[in-house]
Amino acid sequence: LTPRGSMEARSFMFDTLFEPGMSDDDVFNAIRHELTTAIDGEAVCILAYGATGSGKTHTVMNLAERAAKELERQAQILEKVGLRLEIMVQIVEIYNEQLRDLLAQDSGCQEPPRLKLSCHGSTPTLQGAALRTITGDSANGMAQSLQDTFRIGQAQRATSATAVHGRSSRSHLVMKLFLSTRDAATGTYQRTGKLSLVDLAGSERLKHSEVQGERLREAQHINRSLSALADVVAAKEKIGRASCRER
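Predicted model only: the values in this text are computed from it and were never measured.

Draft legend 1. Spatial organisation of the overall build of the protein chain. Helix and strand counts for the protein chain come out as five helices and 10 strands. By residue count, 40% of the 247 residues in the protein chain fall in the buried class. Sequence separation of 24 or more characterises 65% of the internal contacts of the protein chain that already satisfy a separation of 6 or more.

Draft legend 2. Expanded view of a nonpolar patch on the surface. On the surface, a nonpolar cluster with roughly 410 Å² of combined accessible area is contributed by Phe12, Phe14 and Leu17. By secondary structure assignment, the location of leucine 17 is in the segment before helix H1 (24–39). For leucine 17, a relative accessible area of 63% puts it in the exposed group.

Draft legend 3. Inspection of the pattern of salt bridges at higher detail. On inspection of all chains with the given rule, the structure shows 11 salt bridges. Between arginine 151 and glutamate 65 there is a salt bridge whose closest N-O contact spans 2.9 Å. Highlighted residues: arginine 151 in helix H3 (residues 142–155) and glutamate 65 in helix H2 (residues 56–79), separated in sequence by 86 residues. Here arginine 151 and aspartate 148 are joined by a salt bridge, their closest N and O atoms 3.3 Å apart. Of this pair, arginine 151 and aspartate 148 both sit in helix H3, three residues apart, which is roughly one turn of the helix. Look at arginine 151 and you get partly exposed, because its relative accessible area is 40%.

Draft legend 4. Main features of the side chain of serine 196. Structurally, serine 196 can be placed in strand E10 (residues 189–199). In this structure serine 196 comes out as buried when scored by relative accessible area, which is 8%.

Draft legend 5. Quick peek at empty space enclosed by the protein. A complete count under the given rule lists one cavity of 30 Å³ or more for this structure. Approximately 60 Å³ is the volume attributed to the largest cavity. Lining the largest cavity are Ile94, Tyr95, Asn96, Glu97, Arg170, Ser171, His172, Ala201, His221, Ile222 and Ser225. When contributions to the lining of the largest cavity are tallied by element, the ones reaching two or more residues are strand E2 (83–95) and helix H5 (213–239). Looking at the lining of the largest cavity residue by residue, the class counts come to four nonpolar, five polar and two charged.

Cut-offs used in this document
Residues numbered from 1 in each chain as written. Predicted model: local features only at pLDDT ≥ 70, side-chain atom pairs only at ≥ 80, totals over all residues. Heavy atoms only, no water. Helix = DSSP H or I, 4+ residues; strand = E, 2+ residues; numbered from the N terminus. Buried < 20%, exposed > 50% of the residue type's maximum accessible area, 1.4 Å probe, protein only. Contact = heavy atoms within 4.5 Å. Patch = residues over 30% accessible without salt bridge, like charges linked within 9 Å, V, L, I, M, F, W, Y side chains within 5 Å. Areas by Shrake-Rupley, 256 points an atom, 1.4 Å probe, with all protein chains shown as cover. Salt bridge = Lys/Arg side-chain N within 4 Å of Asp/Glu carboxyl O. 1 Å grid on protein atoms, 1.4 Å probe; cavity = no way out; pocket = protein on both sides within 12 Å on 5 of 7 lines; lining within 4 Å. Points joined across faces, edges and corners; volume = space filled by probe spheres on them. Nonpolar A, V, L, I, M, F, W, Y, C, P; charged D, E, K, R; others polar.

Here is the structure:
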């Protein structure tokens, strides 16, 4: 706020704006090149951020469905030049500041098992997280196998009804795809990239969502973690890095 109490004017830059009439295919086409970047060995993160009920989960899951088909198409192109694409998938959620594995094999658990984040080295890693390997040889094909895996993870996610959303996500969902390209003849790895699809839980105004008890605790954790994310973005913009705890 300015000294007079009015809002300070700011300018914002956007790469793309999507009008209400644009389709899910239009949104995917705008980020399609990011998949190629990840296959080429870069780390790519696509995340959805916004208020609860704004359509983040719909957007991310539709991107994931289309990304699966595009990765299969890219794998077929690579095969023609003697290269093989191998994908390892992790799906976790951050629920009340706890990391939980959504691809754990033990379906008898009432809640997904908790994970620990190791900060040794330059890249944080999840200890004990389940990994699913998917290739062109997978039983149902690469695209279908990826889509099935995404749905399994999404189905395990913590959700609940609030006054503003009938099925509100109560956690942040992170789907990590490790993309390795290797020589089909020798097995030698050529490059490894990473694609992360992140569906953040929505920020909540507690007065509007009318949550109480455990739902209130979830909302407080969600809002606090989104503030932490803003701090990370600000730190990376200012000094180019953020601490492991913040990440």
